[in-house]
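Residue-level listing of the chains:
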Amino acid sequence: MDLIQLHSGNGEKLINDNKDFLVHGESRIGGRPENQDTMGAKDTALGYVVAVCDGMGGGPGGKTASSIAVNSIIKTIDAAEEDADAAEVVAEALKNANADILAAAAENPRLRGMGSTATVVLMSKKSAIAAFLGDSRIYQIRGRKKVYRTFDHSVVFNLVRQGVITEEQARLSDQSNIITRALGVGEEVEPEVVELPYEKGDRFMLCSDGIHGAMPEKELIKAISDRTKSLGAVTDDVATLVDNLGRRNGGHHDNLTIVVAEPKINSKIKPKMSKTTKIVFQVLAALCAVSILLNVFFICGNRTGAGAKDADSIAVMLKKDSLKSDTIRQRSEEHTSELQSHHRIS
């Protein structure tokens, strides 16, 4: 089934279901006068691309910036050749989006100062390419655990990185919306781009801060990991949960956008062994080595003991044989002596 983008009273829905990837998205206005978030997706020669951008700027600037960003990102990736380097194309797409936002702001004074965060995931049979700028996030969930997450380009997350505050303190901070990287704020942008292996059933979640800022991360991961419902129902439930939380807290909550992509296949590149798994294997290998050495010493010790006993037995046997030989020789000599004496007498 091709991409379907629906508009309803609750906002926008994004639905796609093809042979390799299942995608569902929700974007809602929250408690704001305008939804400045934009989401988009498209099947391209390089793979299936999904993008979520959160606009900034007064008047029409925020929505315009996020719309330009999503359209420009998808356009660049869609135009790429099938044999192009996917990571380079995604990085170039973000740079092109930055240039397009700056160009639009230069043409229209009302749009000056606009900008946007950006999250992009390009999924192919080989791998998933993830890239971002700002505080919109990308999560990779396996089962009920987080195996990858972007690290916000923000003032508070710089403090988290330095160990000054916790992530939960950053989420609740009044400065949580001050970002350090974005599209449209300068001539040059430095997106973070990473290639990720994935497994069948993994869930890639792209979301604006209106989603991940509404609840502790553990609760969000638990909600998106629900396997008792369809992916569309889970995505809708998360958006509804966040919307309801905002309404109960005064109704002035941020725009909220979530897109979840679930691969139906395993990527060609395989996940690297985690640090914990590596440590477990190293400990098991060490125990096996110790066990083997102890067995070798035990066997050698038994063999040495057995060899000593065998040597003693052989020595006793040889001694007995020697005594028998001496006795026989002695009797033979006595018999010879008797014969000689008898001969002499005769």
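In this convention, every chain numbers its residues from 1, walking through the sequence in written order. Under the rules for a predicted model, residues below a pLDDT of 70 receive no local features and side-chain atom pairs below 80 are neither given nor counted, while totals for whole chains, interfaces and linings still include all residues. The side-chain quantities take in all heavy atoms of the structure and omit both hydrogens and water.

We now examine helix α1 (residues 61-79). We count a stretch as a helix when DSSP gives it H or I for four or more residues in a row; a strand needs E for two or more, and each element gets its number in order from the N terminus. Helix span, expected: 1.5 Å multiplied by one less than the number of residues in the helix. Given a rise of 1.5 Å per residue, 19 residues ought to cover 27 Å, and the 27 Å separating the end C-alpha atoms of α1 matches this to within 8%. Residues of α1 that are buried include every one of Gly 61, Gly 62, Ala 65, Ser 66, Ile 68, Ala 69, Val 70, Ser 72, Ile 73, Ile 74, Thr 76 and Ile 77, and no others. Of the surrounding elements, those touching the buried residues of α1 are β4 (37-44), β5 (47-56), α2 (86-107), β6 (115-116) and β7 (118-123). Under the scheme applied here, a residue whose accessible area is under 20% of the maximum for its type counts as buried, over 50% as exposed, and between as partly exposed, the area being computed with a 1.4 Å probe on protein chains only. In this analysis, two residues are considered to be in contact whenever any of their non-hydrogen atoms come within 4.5 Å of each other.

Salt bridge, as used here, is a side-chain nitrogen of Lys or Arg placed within 4 Å of a carboxyl oxygen of Asp or Glu. The tally for this structure, following the rule as stated, stands at 21 salt bridges. Residues Glu 217 and Arg 149 are paired through a salt bridge, measuring 2.8 Å at the closest nitrogen-oxygen approach. Of this pair, Glu 217 sits in helix α6 (residues 217-224) while Arg 149 is found in strand β10 (residues 145-149), placing the two residues 68 residues apart along the sequence. The two residues Glu 217 and Arg 149 agree in class, both being buried. As a salt-bridge pair, Glu 262 and Arg 203 come within 2.8 Å of each other at their nearest N and O atoms. Here Arg 203 lies in strand β12 (residues 203-207) and Glu 262 lies in strand β13 (residues 256-263), a separation of 59 residues in the sequence. Accessibility classification places Glu 262 together with Arg 203 in one group, the buried group.

It is worth spelling out helix α7 (residues 231-248) at this point. Taking 1.5 Å per residue, 18 residues should reach 26 Å; α7 reaches 26 Å between its end C-alpha atoms and fits that length. Along α7, the residues classified as buried are Leu 231, Val 234, Thr 235, Val 238, Ala 239, Val 242, Asp 243 and Gly 246. Where α7 is buried, its residues meet β3 (21-28), β12, α5 (209-212), α6 and β13. Backbone geometry just downstream of α7 places Gly 250 in the positive-phi region, at approximately 115°.

Attention shifts here to the nonpolar core. Ile 73, Ile 77, Met 114 and Leu 183 are the most contacted members of the largest nonpolar core, which has 30 residues in total. Mapped by element, the contributors of at least two residues to this core are β5, α1, α2, β7 and β8 (128-133). Considering each element in turn, this core owes the most residues, eight residues, to α2. In this structure, Ile 77 is in contact with Thr 44, Leu 46, Val 49, Val 89, Val 90, Ala 93, Val 120 and Leu 122, ignoring residues within four places of it in sequence. Take the buried Ala, Val, Leu, Ile, Met, Phe, Trp, Tyr and Cys residues and link them wherever side-chain atoms come within 4.5 Å; each set so joined is a nonpolar core. Counting residues in each nonpolar core, the second largest holds 21 residues, with Phe 21, Val 52, Phe 204 and Leu 206 among its members.

This part covers the packing of aromatic side chains. Planes of paired rings set the category: under 30 degrees apart is stacked, over 60 is edge-to-face and the rest tilted, where pairs are Phe, Tyr or Trp rings (Trp by its six-membered ring) whose centres lie within 6.5 Å. A complete count under the given rule lists three aromatic pairs for this structure. Geometrically, the ring pair formed by Phe 21 and Tyr 198 is edge-to-face, given 6.2 Å between the ring centres and 65° between the ring planes. One end of the pair, Phe 21, is in strand β3; the other, Tyr 198, is in the loop between β11 (192-196) and β12, with 177 residues separating them in the sequence. Here Phe 21 matches Tyr 198 in class, with each residue buried. A residue is classified by how much of its surface remains accessible, and Tyr 198, at 1% relative accessible area, is buried. By the ring-pair criterion, three or more aromatic residues cluster together here, those being Phe 21, Tyr 198 and Phe 204.

Moving on, we come to the pairing of β10. DSSP calls a pair of strands paired once it identifies at least 2 bridges connecting them. Note that strand β9 (residues 137-142) and β10 share four bridges and pair antiparallel. In the sheet register, Arg 142 faces β10, and the bridge partner there is Lys 145. Connecting the antiparallel pair β9 and β10 is a turn made up of two residues, with Gly 143 showing a positive phi of about 65°.

A word on the confidence of the model for the chain. Fine structural detail should not be taken from predicted coordinates in areas where pLDDT scores are low. Mean pLDDT for the chain: 87, with 79% of residues reaching 70 or above. Contacts from residues 335-346, a stretch scored under 50 in pLDDT, to residues over four places away or in other chains number zero contacts. pLDDT is a per-residue confidence score from the predictor, ranging from 0 to 100.

Tracing the backbone through its elements, the reader meets Arg 28 in strand β3. Its relative accessible area of 4% is what places Arg 28 among the buried residues. In protein, a polar contact requires one atom able to donate a hydrogen and another able to accept it; more generally it is a pair of N or O atoms within 3.5 Å, and residues adjacent in sequence count only if both atoms are side-chain atoms. Separated by 3.0 Å, the side chains of Arg 28 and Asp 236 make a polar contact.

Before going further, it helps to spend a moment on the pairing of β7. Taken across its six residues, β7 has six buried, putting it largely inside the fold. The side-chain alternation of β7 yields two buried faces, one formed by Ala 118, Val 120 and Leu 122 and the other by Thr 119, Val 121 and Met 123. Relative to β7, β5 runs antiparallel, the two sharing five bridges. Bridge pairing links Val 52 to Thr 119 in β7. Pairing analysis gives six bridges linking β7 to β8, with the strands arranged antiparallel. Looking at the pairing, Leu 122 lines up with Ile 129 of β8. The loop that links β7 with its antiparallel partner β8 comprises four residues.

This part covers the environment of Lys 145. Mapped onto the elements, Lys 145 comes out in strand β10. For the pair Lys 145 and Lys 222, spaced 77 residues apart in sequence, the C-alpha to C-alpha distance is 8.5 Å.

Okay, the side chain of Thr 38 next. Of note, Thr 38 is situated in strand β4. At 2.7 Å, the side chain of Thr 38 forms a polar contact with the side chain of Ser 66. Residues contacting Thr 38, with those up to four places away along its chain left out, are Ala 51, Val 52, Cys 53, Lys 63, Ser 66, Ser 67 and Val 70.

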